[in-house]
Amino acid sequence: MTVTSFSIPTLETERLILRALCEDDIAFEKAFLASDDARFVGGPMPPHRAWRSMAMMIGHWALRGFGFWALEEKKTGQYMGRVGLWYPDGWLEREIGWTLMPHAWGKGFATEAALASRAHAYDVLGWDTAISQIAPENEGSKAVARRLGASFEKHHEDPEYGTIEIWRHLGPDALVNGGMEAYA
Amino acid sequence: MTVASVITTPRLRLRRPEPSDLPAYTAYYMGPRSHFVRGPYTKAQCFEKFATVLGHWQIRRFGRYTITLEDRPIGHVGPLMIEGDKAPELTWTLWDGAEEGNGYATEAAAAVRDHLLGEAGWTLLEILVQPDNAASLAVARKLGAVLTDQDAPDWYPGCLTFHLTTEPMQ
């Protein structure tokens, strides 16, 4: 029997549901990724590239068993962006990533969701470390990394994105109670 | 109408792609035969492309099938719809040149055509082929596709566009 489906676990934080990305989310992403607001995350890009990129994020789950979750605000049901665990072929190291839609900026959602995905990485998947790659000018994202307890490690020259900062997350041992329990 | 996740033909089984197809898929896209589809690509790009194929199924509930011959993956065939407001594109590729010349691509593509334009109730499929890709042009003709004068899309310059519809062929 051929097994072709895969499941994406749903996580929950105080204000957010982390669930599988779906077509409705892609409309937000297309608008965001076409705009200058996406300049630190590979944009601006045309809608067909945005669609492919989102499809790829979903397929990453099937190939790796982890990936990006869509963030849905509990109160409004609105799509706020995505946070997740990322390691496509050729990637430097396993990464925790976050990209929020502009309407979700400045409310602590990235930190809240990244904590939950870090807990998933350490407690469920057994990762012993993780990085985040951040554009040097992306102060908002670096602030999220700091709040998570991550620290700047080094610069990396990426053939596609140019100079990128590598931030190193606290490992499971450095976290007082470990993942999910500490957060909840 | 629901699109089938498995289609069988006299010699082939078409099924949803699965992670174990990645090595054969990658060998094709890293190799010289992928020049008709803007290749060759790096291994990392192949991973991204294949993940996109898997995600396409998850989002749209249809996508490219892996063509299997005696359980061995030998190519892909099926509809792609990256932009929701455009006609789906029917694509096919045999991953290994050694499988060419047996009519597998035509057999697979005809079965997908029959399913989509028949049971699934679709009305139009586009086929994009580079003018010097003689093998694929032959498949398009055998499928009964009609050449149009549509301009090539930006992402696939120079290609010819064919239409497959439910209209009876001349």
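Here is what the cut-offs are and how they apply
- Residues numbered from 1 in each chain as written.
- Chains lettered and ligands numbered in written order.
- Predicted model: local features only at pLDDT ≥ 70, side-chain atom pairs only at ≥ 80, totals over all residues.
- Heavy atoms only, no water.
- Contact = heavy atoms within 4.5 Å.
- Buried area = accessible area lost by both parts, 1.4 Å probe.
- Salt bridge = Lys/Arg side-chain N within 4 Å of Asp/Glu carboxyl O.
- Polar contact = N/O pair within 3.5 Å; in protein donor to acceptor, adjacent residues only side chain to side chain.
- Helix = DSSP H or I, 4+ residues; strand = E, 2+ residues; numbered from the N terminus.
- UniProt positions renumbered as here; feature names shortened; annotations may be inferred.

- Chain B goes by Protein N-acetyltransferase, RimJ/RimL family in an unreviewed UniProt entry, where it is assigned to Shimia aestuarii.

- An unreviewed UniProt entry lists chain A under the name Ribosomal-protein-alanine N-acetyltransferase, from Shimia aestuarii.

## A short note on the interface of chain B and chain A
In step 1: Contacts between the two partners involve 24 residues from chain B, matched on the other side by 19 residues from chain A.
In step 2: Taking both partners together, chain B and chain A bury about 2,100 Å²; carbon and sulfur atoms supply 70% of that area.
In step 3: Together, Phe 47, Ile 59 and Ile 82 of chain B form the three largest contributors to the area buried by chain B at its contact with chain A, with a combined 32%.
In step 4: For the interface between chain B and chain A, the tally reads two salt bridges.
In step 5: Arg 60 of chain B is the salt-bridge partner of Glu 23 of chain A, the closest N and O atoms lying 2.8 Å from each other.
In step 6: Joining chain B to chain A, the criterion identifies two residue pairs in polar contact (both at pLDDT 80 or more).
In step 7: Those elements that place two or more of their residues in the side of chain B that touches chain A are β2 (13-15) and α2 (43-60) of chain B.
In step 8: With 13 residues, α2 of chain B is the single largest residue contributor to the side of chain B that touches chain A.

## Some details on the UniProt feature "domain: N-acetyltransferase" (unreviewed entry) in chain B
In step 1: In the numbering used here, UniProt assigns the "domain: N-acetyltransferase" (unreviewed entry) feature to residues 12-167 of chain B.
In step 2: Between the end C-alpha atoms of residues 12-167 of chain B the distance is 27 Å, and the span holds 34% helix and 24% strand.

## What about the environment of Thr 76 of chain A?
Residue and element names in this part refer to chain A.
In step 1: Within the secondary structure, Thr 76 sits in the loop between β3 (68-73) and β4 (79-86).
In step 2: The spatial distance from the C-alpha of Thr 76 to the C-alpha of Arg 15 is 9.9 Å, given a sequence separation of 61 residues.
In step 3: In terms of polar contacts, Thr 76 uses its side chain to reach the backbone amide nitrogen of Gln 78, at 3.1 Å.

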